[in-house]
Amino acid sequence: MTTQPILLNAEEIEQLRKEVGRPTLMGKAIEENVTALESFMSLPLDVPGHGDGGSYEHNRHKDNYTYMNLAGRLFLVTQEQRYADFVIALLEDYADKYLELGFQVQKNTNPTGRLFHQILNEHGWLLFTSIAYSCVASEMTEAQRQRIIDRIFIPMIEMSTEKYAHRFDHIHNHGVWAVAAVGACAVAIGRPEYLEMAVYGKDREQQSGFLDQVSNLFAPSGYYLEGPYYSRFTIRPLVLLAEIIHRHMPEVDIYNYKNGVVGNTVQALLATAYPNGVFPAMNDASQSMSIADAGVKVAVSIYGAHYALDDNILGMAKIQDSVWMHPCGLEVSRAYEKASAEREIGLPYWPSMELNEGPEGEQGAQGFVRMQDKSGDVSQLVMNYGMHGMGHGHFDTLGITLFNRGHEVLREYGFARWVNVEPKFGGRYLPENPSYARQTVAHNSVTIDETCQNYFDVERADSVHGLPHFFEVNDKNIKGMSAFANNHYDGFAMQRSVFLLNLDELEAPLLIDLYRLVGEGEHQYDYSHQYAGQIIRTNFEYETFKELNTLGEDNGYQHLWKVAAGEANETALVSWLQDNSYHTWLGTSSNSDGSNSTGEVIFTRSGANDPSFNLRSEPAFMLRSRGESTLFASVVETHGYFNEEFEQSVNARGQVSNIKVIGHNEIGSAIEITTKNSVVTVLVSNQSDADAVTVNEMTFNEHTFNWTGYYSVEVKTQSQEIN
């Protein structure tokens, strides 16, 4: 039976001890952890019984393992005996009560634990408590240790590997937590056979265990198929178990396994973040999760220690203003201290990046395009053309979001859930998550005939994926990406091509968006835009409705109030104010025969058929078109400044005046954008087999267009156009 800490050795403890009281990132982390621990230790010890998600019991069990984890490591660093005594007392209390609690009553598909309403949380408790136990085991008697092992740890391991073996072997974020918890506990109590099981699975002939988890959940790019929110959730057990394997099974060479997939995963997660550090709410996700998350701090420290201490990692540590209280965190802290003495550490600036999906990287991708404006502000454009994301996936292939000036301009709703708010369905996913949040109409995409992509069939959705067309980001003034989704509606092919364009006359990069749908017969196409703020103006008349009706009866439409609607002009304009910035959208649509198919603009607000007030009340507008094969073309311009306090409003109308479709066919699409000073012609290949040297030619209205490659963007001044 081991009595040694599982994540650090005596020499490393001594080095951490030298940081106590120092004004370094590590010194501040230690001080902050001591302050938090002391505050919790002022409360009476309590090991409560059962409770639902978000209840006092749930939160107390979570706090208990959080502060045992802190206390165990702080005992080693500070040599404060009270911290070890605190951990031991709580463990003895759990040893008294754990087996007497019985399993909670199952209320959904997640199996229950004795402490928590779902086994997932029990695995969190086991992981962090095992680390705490290993830090204080040397302060306990043999009898105390054996009692805790017999009455807590072994029953928990057996529950994970036997009672819930299907969860332990599950290739899923829950499975990552399960193997990490069992692996950590195995090392803490000296049972190497369970560590082997955690790493390789119960049956090496089947897909199970940690190595299969990282091989199948994460693409070669490191992207996690359920999206950044769940990657952030999964990253902590992943890197903790990786560090345990590194120290106790060095023969696995875990940090180089599968071309460094652990490091790629950290990089990919960080690279998805918006410039303000918040992760895009792709798939089931909160709108507020950021790089300040505790698990991301652990991941940044491990990446810095085992892969690279580059400027982006140091910039990330600057934003976090802390490191993980561990030797890996100490390496980052020292590198930051040394670099700070020589220069000003800048904020991280991740390049534009396309992150492939699937175990072999061949199942689509997620695109992240970034561009700076003249003021240094970064616009970020995100498009989903990858995998569905299993049970947490949303039906939004080819959906986009746009971020600049500190906020999402085209927004993502995220999940319908009040996390750990017990009165709201026990803090679990709400009924409106499938009926609205995951539906296509809740995203910045096109919905066909008021149905959902893949007809809300998860199995069908998991069997298909987007098809990347191009990702071109080397030109500082024009960056873009394009992809197809040809299997998401029966009988329809879809293609979306989006660009950020820098023009001298514009304040911020212009979003250019071409969404093409090819099908037979007349259909209804709803081109949706989720925004926030106050409508400022339109270029068409609309009617506001005194009596509100829902936009439809199913597929998310039943949750949308139809607030206003108006017949659109050939080019529709909608402008709104969000915080201190104006945003103007101009859009149009065209049938394949060249006729204009622009129909009406409908303004909506979420919250209909929501008896428990679960949905956030948020506005959106859609351009509705009816026709056969159709191209939607639009731009979003960010412009101006508004300050109510100082009664200032500047450039409220912007520079872009028109957008029109020249034509589109199987060869390509051609559009023209007019600003006060320029005419921009955009040509995009619609051929899936095109490449960078493909010669394209098409004729519309007796005008022939030629270009080489995926696309062409030509900018002429108005004077050139006249001449």
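According to the UniProt record, the Subcellular location (unreviewed entry) comment for the protein reads "Periplasm".

For the rest of this paragraph, the subject is the sheet that holds strand E24 (residues 678–685). Strands belonging to one sheet form pairs held by backbone hydrogen bonds; the direction of such a pair is parallel or antiparallel. Within the open sheet, the 4 strands sit side by side as E22-E23-E24-E27. Their pairing is antiparallel. A single partner strand is all that each edge strand has here, and the edge strands are strand E22 (656–664) and strand E27 (711–717). Across the sheet, the mean angle from the axis of one strand to that of its neighbour is 15°, orientation sign disregarded. Examined bridge by bridge, strand E23 (residues 668–675) and E24 share 7 bridges and lie antiparallel to one another.

To continue, consider the pattern of salt bridges. Here the structure, examined in full by the defined rule, presents 26 salt bridges. Among the salt bridges present, the one from Lys28 reaches Asp321, with a minimum N-O distance of 2.6 Å. With a gap of 293 residues between them, Lys28 in helix H2 (residues 25–41) and Asp321 in the loop between helix H14 (311–320) and helix H15 (327–342) connect regions that are remote in the sequence. Here Asp311 makes a salt bridge to Arg343, at a shortest N to O gap of 2.6 Å. Highlighted residues: Asp311 in helix H14 and Arg343 in the loop between H15 and strand E1 (353–356), separated in sequence by 32 residues. Taking relative accessible area as the criterion, Arg343 reaches 37% and is therefore assigned partly exposed. Sharing partners across several salt bridges, the network here consists of Glu12, Glu243 and Arg247.

Judged by pairing direction, the sheet is antiparallel, and its 5 strands sit side by side in the order E1-E2-E3-E4-E5 without closing on themselves. The sheet is open, and its two borders are formed by E1 and strand E5 (407–410), each paired with just one other strand. The mean angle between the axes of side-by-side strands here comes to 20°, regardless of whether they run parallel or antiparallel. Across the sheet, helix H12 (residues 257–272) lies against E1, strand E2 (365–372) and strand E3 (378–385), angled at about 50° from E2, the strand it touches most.

The domain boundaries assigned to the protein delineate domain 1 (7–213), domain 2 (218–350) and domain 3 (367–717). The C-alpha-based centres of domain 2 and domain 3 are spaced at 31 Å. Each partner contributes residues to the interface: domain 2 has 21 residues there, and domain 3 has 32 residues. A buried area of about 2100 Å², summed over both sides, lies between domain 2 and domain 3, and 54% of it is on carbon and sulfur atoms. Together, Tyr274, Asp284 and Gln287 form the three largest contributors to the area buried by domain 2 at its contact with domain 3, with a combined 29%. At the surface where domain 2 touches domain 3, the tally comes to 0 salt bridges. The interface formed by domain 2 and domain 3 holds 14 residue pairs in polar contact (both at pLDDT 80 or more) in total. Mapped onto the side of domain 2 that touches domain 3, the elements with two or more residues apiece are helix H11 (228–248) and H12.

Analysis parameters
Residues numbered from 1 in each chain as written. Predicted model: local features only at pLDDT ≥ 70, side-chain atom pairs only at ≥ 80, totals over all residues. Heavy atoms only, no water. UniProt positions renumbered as here; feature names shortened; annotations may be inferred. Pairing = 2+ DSSP bridges. Helix = DSSP H or I, 4+ residues; strand = E, 2+ residues; numbered from the N terminus. Axes fitted to C-alpha atoms, helices over the stretch in contact; angles between N-to-C directions. Salt bridge = Lys/Arg side-chain N within 4 Å of Asp/Glu carboxyl O. Buried < 20%, exposed > 50% of the residue type's maximum accessible area, 1.4 Å probe, protein only. Contact = heavy atoms within 4.5 Å. Domains from an automatic or database assignment. Buried area = accessible area lost by both parts, 1.4 Å probe. Polar contact = N/O pair within 3.5 Å; in protein donor to acceptor, adjacent residues only side chain to side chain.

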